[in-house]
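Analysis of the macromolecular model
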Amino acid sequence: MIDRLAIVGLGLLGGSIAKAARARSLAREIIAVGRSAERLEPARRDGTVDRVSTDLSAGLDGADFCVLATPVTTLLDLLPAVCEALPAGALLTDVGSTKARIVAAAERLAGARPLFFIGSHPMAGAEQAGYGVARADLLDGATVVLTPTAQSDAGALERVGALWQALGARLVHLDPATHDRAVAAVSHLPHLVADALVDAVVRMDSGFFEVAARGFKDTTRIAAASPPVWREIYHDNRPALAEALAAFRKSLDHLEDMVAAPDGAALERELARIKQVRERLR
Ligand SMILES: NC(=O)c1ccc[n+]([C@@H]2O[C@H](COP(=O)([O-])OP(=O)(O)OC[C@H]3O[C@@H](n4cnc5c(N)ncnc54)[C@H](OP(=O)(O)O)[C@@H]3O)[C@@H](O)[C@H]2O)c1
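This section reports on the structure supplied with the text.

1. A look at the sheet that holds strand β8 (residues 170–173)
Pairing within the open sheet is mixed, and its 8 strands lie in the order β3-β2-β1-β4-β5-β6-β7-β8. The sheet is open, and its two edges are formed by β3 (51–53) and β8, each paired on a single side. Direction aside, neighbouring strands of the sheet carry axes that sit 25° apart on average. The pairing of strand β1 (residues 2–8) with strand β2 (residues 27–33) spans 6 bridges and is classified as parallel. Looking across to β2, one finds that Ile 7 is bridged to Ala 32. Packed on one face of the sheet, helix α1 (residues 12–23) meets β1, β2, β4 (65–68) and β6 (116–122) and runs near 160° to β2.

2. Describing the site of the ligand
In the vicinity of the ligand there are 26 residues, among which Arg 35, Arg 39, Thr 70, Ser 97 and Gly 130 approach most closely. Within the backbone of Leu 13, an N or O atom sits 2.8 Å from an oxygen atom of the ligand. Here Arg 39 contributes a side-chain N or O atom positioned 2.6 Å from an oxygen atom of the ligand. For the ligand, the protein covers 85% of the area, taking 890 Å² as the surface of the free molecule. Put simply, the parts of the chain that give the shell around the ligand at least two residues each are α1, α4 (72–85), β6 and α9 (227–236). The element contributing the most residues to the shell around the ligand is α4, with 3 residues. Per-class residue counts for the shell around the ligand are 14 nonpolar, 10 polar and 2 charged.

3. Quick word on the packing of aromatic side chains
Scanning the model with the defined rule gives 2 aromatic pairs in all. Aromatic side chains Phe 209 and Phe 216 sit 5.8 Å apart centroid to centroid with 55° between the ring planes, which places their arrangement in the tilted category. Taking the centre distance of 5.7 Å and the plane angle of 55° together, the rings of Trp 230 and Tyr 234 count as tilted. Residue Trp 230 and its partner Tyr 234 are located together in helix α9, separated by 4 residues, close to a single helical turn. In terms of burial, Trp 230 and Tyr 234 fall into one category: buried.

Rules behind the numbers
Residues numbered from 1 in each chain as written. Predicted model: local features only at pLDDT ≥ 70, side-chain atom pairs only at ≥ 80, totals over all residues. Heavy atoms only, no water. Pairing = 2+ DSSP bridges. Helix = DSSP H or I, 4+ residues; strand = E, 2+ residues; numbered from the N terminus. Axes fitted to C-alpha atoms, helices over the stretch in contact; angles between N-to-C directions. Contact = heavy atoms within 4.5 Å. Near = heavy atom within 4 Å. Polar contact = N/O pair within 3.5 Å; in protein donor to acceptor, adjacent residues only side chain to side chain. Areas by Shrake-Rupley, 256 points an atom, 1.4 Å probe, with all protein chains shown as cover. Nonpolar A, V, L, I, M, F, W, Y, C, P; charged D, E, K, R; others polar. Phe/Tyr/Trp six-rings, centres within 6.5 Å; stacked < 30°, edge-to-face > 60°. Buried < 20%, exposed > 50% of the residue type's maximum accessible area, 1.4 Å probe, protein only.

If you want it as structure tokens, here you go:
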């Protein structure tokens, strides 16, 4: 059991972790740290957290486990102060959607204290933001990617993994660079493509939205995600996103060529191949 769990950034992810930790009695005390007392107050009032603080040092004082759940650039900016404020020996993780820069910075800062840091990325979310949409079951059955490195402490890796499992998640381990390439392919590229799909219709004729049915709405649901959160993810993962976009352009060009060609059977075989791959996804 965690004694004092501090969550910095009580939005969709941070709020959902706090709610699940409270529902499952995983911490004796839960403290939310943020920049607006007014926005943190609902979580204290509904009993999800015991205390709120807009002061990092006061909020992290005595915490034995800290989860950083702010947007990725903010998270990088906050790391030096967070590592300074946490008591030596504390366990630190984050939920940032990109990992290479965060893990490198956190390991450098944590090593100097010393603290124990393990990067995490819960593959669960929603297109809405803020504590108001946080849910205790967000992580139930979700995959959480842990990104240990050669520097990681085995005991810390086990304890961070144990928290996610206690919150209902299953674990996958990837090194930070592989994580960033994988999520560029299966998360960041689909988000950007959803943005482009909506934009393409606007460029053709916004009136066409009138006849959009479930297929279009399902495919573009994530284009309604938080712009501040996604701006930072796209920017922080630029190289891997560029690689994923290049692969996507090749696929699009290939399919465009097949649609333009008169060979219907070849196009159908290609669609059948892709359908088979998609059907293997659970
Ligand atoms: N959304 C997803 O689908 C998803 C999935 C997996 C991982 N993630 C990652 O999770 C993290 C949080 O995303 P989210 O979707 O939970 O966003 P969110 O709902 O917008 O929550 C972000 C939280 O960070 C707080 N914050 C922002 N700047 C801060 C600062 N300077 N000091 C303290 N708190 C600050 C915000 O507080 P205010 O109320 O003051 O703005 C808000 O509570 C991001 O790193 C994102 O990459 C997101």
